[in-house]
Each structure stands twice: as C-alpha cells, then as structure tokens.
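One letter stands for each residue in the lines below.
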Amino acid sequence: MTTDLPDHPDILHRIERYYDTVPRWGSQVEQIGPFTLFVSDGGWPFYARPSMGWTPGSVTADDVTAVRVRQRELGVPEAFEWVGDLAPDLATACRDAGLVVTEVPLLVHHDPLAVPVPDGIRIRRLTHEDAAVGAGQVVARIGFAAGGTAVGDGGADERDQLLEEREASASDHLRALIRAGRSVYVVAEDEGGVLCSGGHNPVDDVTEIVGVATLPTARRRGLGAAVTDTLVADAIRRGIEVIFLSAHDEDVARVYLRVGFRRVGTACLAEPPVTTPR
C-alpha cells in the first residue's frame, strides 16, 4: 500500500483515537486484558478494540477469546474493530481464536473536487425533527443488505413498505445524536422520496463519514458521490482536518477515490464465521 500523504502515520493515530472516543457517547466501557469493550446503551451495537497505549504484538488468541466470552455473556455482537496498520499482529490472534477477519480500504479526504448533483435530485441536511431521518435509515438498511455498486433490486416500494412497518422510536438514537451535534445526516431525494443517505460524526478536528448507501435501483447515478461531497463540505466548514471513511471493498473505494479521497491504510473487522442452517 502506498500513499501520497506525507503525514499519514499521524493521521492513523488520530483515527485510532477517534475510534476509541466515538463509542463512549452511547456505551458502557469494560477493560478486558489488552482490549476495551464498548457495550451499547441501546443505540448502535459496538465492538471491542485494542486499548489505547497497548503494545503491538502482545495480544494472544486467549485474550481475544476472553473478550468473546464476555460478549456472549452480555448478548452483544462478538465483533472487534481496529486500524490494521497499527496492529499488524492482531489479525493473526483473531484468526487463531476462530474469527473471520475482513480487511477494507481506509481512506482520507485529500483533494477537494467539484461533484455535480444529478438532475432532479435534492441534497439536504436533516434536522433531528425531520421525517426523512427514518427514511434515510431504511434506505441504508436496504442498500447495505445488497452490498456493492451494481444496480439491483430494492427500490422505492421496498423503502416505503419497510418505513410503514418500522417503529418511529427506531430513529430515536440517531435523532438524539443529530440534536446534540454529534452526527450530521444528509439525504439525496427526488419527488418520490429518499434515494441515498449518509452521515458524519465529528469529534474535535476528526470525523468519519459513515453509512453512505443508495437504493440498489438508484445506483450508478452519482448519488453516493453527491451525498459524500456534501458531508465533506460540511466537515470542512467546521474546520475539521481529518475526514476519513472505510470502504466496503475495492469497488466501493474506487468511487471515493473519484471524489477526492486517498487510501491511507486498512481498517479491520473480526467476527465469528457465518453458519448456514442445515
């Protein structure tokens, strides 16, 4: 992996601190060996990660297993997340403990570029009271269930049906974050409703762009790029210096490379293998 960002080691450490800070907004924190386990208070599920200041190479499969035991006791996901470049040996420990490790591109914004808004589309930032918050979350659910960038099934009809079935309180956590200024949420919509959504969560001078997803039927129209560009512009106006994201795969990463991002490292996720019911 190469990068044209001369200070990228510092950027990685700033991202590392960010990963340790954000979950503390809505979780209880437990220290288990060299790991910090974030136990959600009821919003999004969180993960375990290497504690700040840990010594690279010191984590074993037994340490990983001890965290998994505690996660099972609590009934929370057996998930671990970390910056791979800063913990090169952790993937081996996770695999030795029976987890599947996924490595994805970690990118930072580097080159401001003009990104056009497609014809017939409105991009807007939502307040915590906006009815479209729930629609944006449903769009993300549909989009991430059919990963990648290809046009596919899953469109406005599915969005509207899921939104009708959804409890209004399901958006309470995100609305609270928006109200508190801890999350910025943006949607792209046409006359029929929300087609793409995404957000960023600023902490001091660092923010992560998260959850950018498009209805599969609306892909390949530049909606994700336009939403991302709007989020980047908002972060820049706030004086944020490091704007980063982790892409789902190399295909998705290429979309972000075209809107001013550069690869700076690798983000890692470890989870139990998916079992197929017999």
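Look up a bit, the structure's there.
Reading the values: rules and limits
- Residues numbered from 1 in each chain as written.
- Predicted model: local features only at pLDDT ≥ 70, side-chain atom pairs only at ≥ 80, totals over all residues.
- Heavy atoms only, no water.
- Helix = DSSP H or I, 4+ residues; strand = E, 2+ residues; numbered from the N terminus.
- Buried < 20%, exposed > 50% of the residue type's maximum accessible area, 1.4 Å probe, protein only.
- Pairing = 2+ DSSP bridges.
- Salt bridge = Lys/Arg side-chain N within 4 Å of Asp/Glu carboxyl O.
- Core = buried A, V, L, I, M, F, W, Y, C linked by side-chain atoms within 4.5 Å.
- Contact = heavy atoms within 4.5 Å.
- Axes fitted to C-alpha atoms, helices over the stretch in contact; angles between N-to-C directions.
- Parallel < 35°, antiparallel > 145°, perpendicular 65-115°, else oblique.
- Left-handed = near helix turned anticlockwise from the far one by under 90°.
- Nonpolar A, V, L, I, M, F, W, Y, C, P; charged D, E, K, R; others polar.
- Polar contact = N/O pair within 3.5 Å; in protein donor to acceptor, adjacent residues only side chain to side chain.
- Phe/Tyr/Trp six-rings, centres within 6.5 Å; stacked < 30°, edge-to-face > 60°.

Some words on the environment of aspartate 172
- Assignment of secondary structure puts aspartate 172 in helix α6 (residues 172–179).
- Along the backbone, aspartate 172 and glutamate 158 are 14 residues apart, and their C-alpha atoms lie at a distance of 22 Å.

Focus: the pairing of strand β2 (residues 35–40)
- In terms of residue burial, β2 counts as a mostly covered element, since five of its six residues are buried.
- Judged from the six bridges that link them, strand β1 (residues 27–32) and β2 form a sheet pairing that is antiparallel. Across the sheet, the residue bridging to serine 27 is serine 40, located in β2.
- As paired elements, β2 and strand β3 (residues 48–50) share three bridges and run antiparallel to each other. Looking at the pairing, threonine 36 lines up with arginine 49 of β3.

Points about unusual backbone geometry
- Located in the positive-phi region is aspartate 204, a residue other than glycine, with phi close to 55°.
- Mapped onto the fold, aspartate 204 is located in the loop between β8 (193–203) and β9 (206–214).
- Given the relative accessible area of 74%, aspartate 204 is considered exposed.
- Residues other than glycine seldom take positive phi values, yet arginine 220 does so here, at roughly 65°.
- Of note, arginine 220 is situated in the loop between β9 and α7 (223–237).

Some thoughts on the pattern of salt bridges
- Under the defined criterion, the tally for this structure stands at 19 salt bridges.
- Between aspartate 130 and arginine 124 there is a salt bridge, and its shortest N-O distance comes to 2.5 Å.
- Assessed through its relative accessible area of 21%, arginine 124 is described here as partly exposed.
- For arginine 238, the salt bridge is made with aspartate 234, and the minimal N-O distance between the two is 2.6 Å.
- A residue is classified by how much of its surface remains accessible, and aspartate 234, at 5% relative accessible area, is buried.
- Salt bridges linked by common partners bring Asp10, Arg14, Asp205 and Glu241 together as one network.

Regarding the nonpolar core
- Counting residues in each nonpolar core, the largest one holds 42 residues, and the members touching the most others are Ile209, Tyr256 and Phe261.
- Mapped by element, the contributors of at least two residues to this core are α4 (132–145), α6, β7 (184–190), β8, β9, α7, β10 (242–246) and α8 (250–257).
- Top element by residues in this core is α7. It accounts for seven residues.
- Beyond its immediate sequence surroundings of up to four residues, isoleucine 209 is in contact with Gly199, His200, Thr228, Leu231, Val232, Ile243, Phe244, Leu245 and Phe261.

Focus: the packing of α4 against α6
- The geometry of α4 relative to α6 is characterised by a closest axis approach of 10 Å and an angle of 120° between their N-to-C directions. Between α4 and α6, the angle falls in the class oblique. In terms of crossing hand, the pair formed by α4 and α6 is right-handed. For the pair α4 and α6, the contacting residues are Val133, Gly134 and Gln137 in the first and Leu174, Arg175 and Ile178 in the second.
- Residues that form the contact of α4 with α6 fall into these classes: three nonpolar, two polar and one charged.

Describing the environment of aspartate 205
- Tracing the chain through its elements places aspartate 205 in the loop between β8 and β9.
- Separated by 36 residues in the primary sequence, aspartate 205 and glutamate 241 have C-alpha atoms spaced 5.3 Å apart.
- Contact partners of aspartate 205, with chain neighbours within four places excluded, come to Arg14, Ile240, Glu241 and Val242.
- A polar contact is formed between the side chain of aspartate 205 and the side chain of arginine 14, at a distance of 2.8 Å.

Focus on the packing of aromatic side chains
- Inspection of every chain in the model, using the stated rule, returns six aromatic pairs.
- Judged by centre distance (5.6 Å) and plane angle (90°), the rings of tyrosine 19 and phenylalanine 244 are edge-to-face. Of the two residues, tyrosine 19 sits in helix α1 (residues 8–21) while phenylalanine 244 sits in strand β10, which places them 225 residues apart along the sequence. No difference in accessibility class separates tyrosine 19 from phenylalanine 244, as the two residues are buried.
- Here phenylalanine 38 and tyrosine 47 contribute two aromatic rings whose centre-to-centre distance is 5.9 Å and whose plane-to-plane angle is 75°, an arrangement assigned as edge-to-face. There is no split in this pair, since phenylalanine 38 and tyrosine 47 are both buried.
- Members of the aromatic cluster, connected to one another through ring pairs, are Tyr18, Tyr19 and Phe244.

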